[in-house]
Every structure is written in C-alpha cells, then in structure tokens.
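Coordinates in review
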Amino acid sequence: MSFEVPDELRYLESHEWTTVDDESVRVGISDFAQDELGDVVFVELPDAGDEIAAGEEFGVVESIKAVSDVYSPVSGEVLAVNEELFDRPELVNEDPYGDGWMIEIAPSDGVGYEELLDADEYDAQIA
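Residues numbered from 1 in each chain as written. Predicted model: local features only at pLDDT ≥ 70, side-chain atom pairs only at ≥ 80, totals over all residues. Heavy atoms only, no water.

Identification of the chain as Probable glycine cleavage system H protein from Halorubrum aquaticum is taken from an unreviewed UniProt entry. What UniProt records for the chain under Sequence similarities (unreviewed entry) is the sentence "Belongs to the GcvH family." (UniProt positions renumbered as here; feature names shortened; annotations may be inferred.)

1. A short note on helix H4 (residues 119–126)
Of all the residues in H4, the buried ones are Ala 119, Tyr 122 and Ile 126. The buried residues of H4 all sit within an arc of 65° when viewed along its axis, so they share a single face. Residues Asp 120 and Ala 124 are exposed on H4 and point more than 90 degrees away from its buried face. Next to the buried residues of H4 lie strand E1 (10–11) and helix H1 (31–37). (Buried < 20%, exposed > 50% of the residue type's maximum accessible area, 1.4 Å probe, protein only. Helix = DSSP H or I, 4+ residues; strand = E, 2+ residues; numbered from the N terminus. Arc of directions from axis to C-beta. Contact = heavy atoms within 4.5 Å.)

2. Brief notes about the UniProt feature "domain: Lipoyl-binding" (unreviewed entry) in the chain
Taken from the UniProt record, the annotation "domain: Lipoyl-binding" (unreviewed entry) applies to residues 24–106. For the annotated span residues 24–106, helix accounts for 18% and strand for 41% of the residues, and the straight-line distance between the end C-alpha atoms is 5 Å.

This is the structure we're talking about:
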C-alpha cells in the first residue's frame, strides 16, 4: 500500500508531520498513522498558551482500534489548536496534511529541522 508523504514536510519516527513558516510550526499525524489507527473518533489536544516540550506527548488520538499519544517535534508555546477536530475528528482521516492538522507551536529553541526525517527517510521507515 502506498501512503502520501509530502516532500515539503518533515516527520518524526512516531509518525507526526511538521511544517515551518517564519514564526510557527504546524503539527499533525501522517497518512500512514491515520491509516494504522483506523476511524478516528476522538482527539484530545492542549490549550493555546500551554507550554510543550520536544519529544513529549501533547495529545491523544482515539480510534475504533486504538488510543495513541501524539508527540511534539519542538519545545514552545501552543499558538493555535484545531478546534474543528473536537467536533469532526474524522478530519484526521480525511485530510491528515490539511484540515486534519492539530496544533501550531511558537518554537522556543529553534526548530531543529535537521533532526527530523525528510520525506525520503520517512517513506523508507514506513515501507
């Protein structure tokens, strides 16, 4: 089975994706992760203003098959939470790289993008 792995994103080994603009990092779970979970029925996320740490769990995704923690690629303050997911958690399945995003973070220590997997490395991991 082939999964979407956009080239412009970076990935964690735990199947989160991240993209960076000038001031924030957007995070969600990969197409592979949402497929493995099955139909997502509940998402628990932090509040805007919360501080989170790189490599630490920031939320939970619950599906009909499993409950899975979601991890942050960077340390910093949560700028925004995709509140749409509280009413429509299925967006994680339907559009994991678009409307299914989870949080945006203002990094406190820089991004450390080079420490994350690029699309080719992540694709090799899930192959």
